[in-house]
Amino acid sequence: MSLSDLTFDQWRSFELPTARRVAEEAAGLVDGRVTLVETTEHLGAPLHRIRIERNGQEFALIPGGPVSLGFDLNSWQPTPQQTADYAESLEQGFGYGSDLRAHLAQVLSPRRSVVLATVLMAVEDENLTELPADMPAVLAARGLRMPSPDEWEHACGAGAETLFRWGNDCPLDRIPYGDRTGPQNQLNAFGLHIAYDTYRTELTSDVTAVHGGDGGESVCGGYGHMLAWLPLATANRNPSMVELVYGPDGEDLCEDFSTRPVLAL
């Protein structure tokens, strides 16, 4: 079996020695070296984390196969605190709907099933060095590519069906920017530093969505605590930020955007 065909479910069934063998095989395929093999707890079961260094850049193994993405609004219920916080934002003229559920329907990707290849993905996002349209060629020269939106969401959520990669709740007594103790600061289940700063706006191969942040728009605008955290939601595609990134004003701001390179196996 090709490593690219490895499924998330298979990966979760492996014992640690098997995971080590897979890590070494993956490193060999990309002329890299294994720098970390560890096991963490995720979704009530062990999950192995693999890190491979190649040309001075660290990548995590992201097992694919059939996976579910997007957010299921029908099975979700906001907390009273989240509802109240959003209501305050509405009073200030912010928000896309009459309640939080209606707002989320406008900004989150729908629930869906996809099949993904297993890949290596950069642990850290990197700033764009050229305009978004030119970045695929820049990455290709290094043997890399931009992730697809599905790959980004899966890499971020790692199978979690919650609003954020860490759960459905977020600290409503503060905004994420400048918060050093919040859940966004922790590496995710695959060992990625992802969805960690609302000022970081990650681009993928799809020009209709951006991920991981809104360039600080919600924080600077004083939208309210809930709306300030939502850009970090796994399925949030930040539609208002898309207009800026790919509009004429975005050309002067490209160095403020980032992407998370993918290394195919």
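Provided above is the structure to which this section pertains.
These notes cover the structure that comes with them. (Residues numbered from 1 in each chain as written. Predicted model: local features only at pLDDT ≥ 70, side-chain atom pairs only at ≥ 80, totals over all residues. Heavy atoms only, no water.)

1. Quick notes on the pattern of salt bridges
At step 1: Following the criterion strictly, the structure yields 15 salt bridges and no others.
At step 2: Ionic pairing is found between R237 and E153, a salt bridge with its closest N-O pair at 3.2 Å. Separated by 84 residues along the polypeptide, R237 in the loop between α8 (225–229) and α9 (239–245) and E153 in helix α6 (residues 149–157) bring together distant segments of the chain. Take R237 and E153: they sit in the same class, and that class is buried. (Salt bridge = Lys/Arg side-chain N within 4 Å of Asp/Glu carboxyl O. Helix = DSSP H or I, 4+ residues; strand = E, 2+ residues; numbered from the N terminus. Buried < 20%, exposed > 50% of the residue type's maximum accessible area, 1.4 Å probe, protein only.)

2. Describing the pairing of strand β2 (residues 45–54)
At step 1: Of all ten residues in β2, eight are buried, a share of seventy percent or more.
At step 2: Linking strand β1 (residues 33–42) to β2, which pair antiparallel, is a turn of two residues; within it L43 sits at a positive phi near 55 degrees.
At step 3: Two strands pair when backbone bridges link them, and β2 and strand β3 (residues 57–62) are joined in this way by four bridges, in the antiparallel orientation. The residue bridging R51 from the neighbouring strand is A60, located in β3.
At step 4: Counting the residues that bridge the hairpin from β2 to β3 gives two residues, and of these N55 lies at a positive phi of roughly 50 degrees. (Pairing = 2+ DSSP bridges.)

3. A look at the sheet that holds strand β8 (residues 201–203)
At step 1: Strand order in the open sheet formed by four strands is β7-β10-β8-β9, and the pairing between neighbours is mixed. The open sheet has two edge strands, β7 (126–127) and β9 (210–211), and neither has a second partner.
At step 2: Where β8 and strand β10 (residues 257–259) come together, three bridges link them in parallel fashion. Bridge assignment links T201 to a residue of β10, and that residue is F257.

4. Observations concerning the environment of S2
At step 1: Mapped onto the elements, S2 comes out in the segment before α1 (8–13).
At step 2: Linking S2 and A117, residues 115 residues apart in sequence, is a C-alpha distance of 10.0 Å.
At step 3: Here the side chain of S2 touches S4 through a polar contact of 3.0 Å, side chain to side chain. (Polar contact = N/O pair within 3.5 Å; in protein donor to acceptor, adjacent residues only side chain to side chain.)

5. A short note on the packing of aromatic side chains
What characterises a pair of aromatic rings is the spacing of the ring centres plus the angle enclosed by the ring planes.
At step 1: Evaluation of the coordinates by the stated rule reveals seven aromatic pairs.
At step 2: A ring pair is formed by W166 and W229, whose centres lie 6.0 Å apart and whose planes are at 80 degrees; its orientation type is edge-to-face. Taken together, the residues span a long stretch of sequence, with W166 in the loop between α6 and β8 and W229 in helix α8 at a distance of 63 residues.
At step 3: The class for W229 is buried, based on a relative accessible area of 0%.
At step 4: Aromatic rings pair up to connect F164, W166 and W229 into one cluster. (Phe/Tyr/Trp six-rings, centres within 6.5 Å; stacked < 30°, edge-to-face > 60°.)

6. Observations concerning unusual backbone geometry
At step 1: Unusually for a residue other than glycine, L43 sits at a positive phi of about 55 degrees.
At step 2: The topology assignment puts L43 in the loop between β1 and β2.
At step 3: The phi torsion at N55 lies on the positive side, around 50 degrees, for a residue other than glycine.
At step 4: Assignment of secondary structure puts N55 in the loop between β2 and β3.

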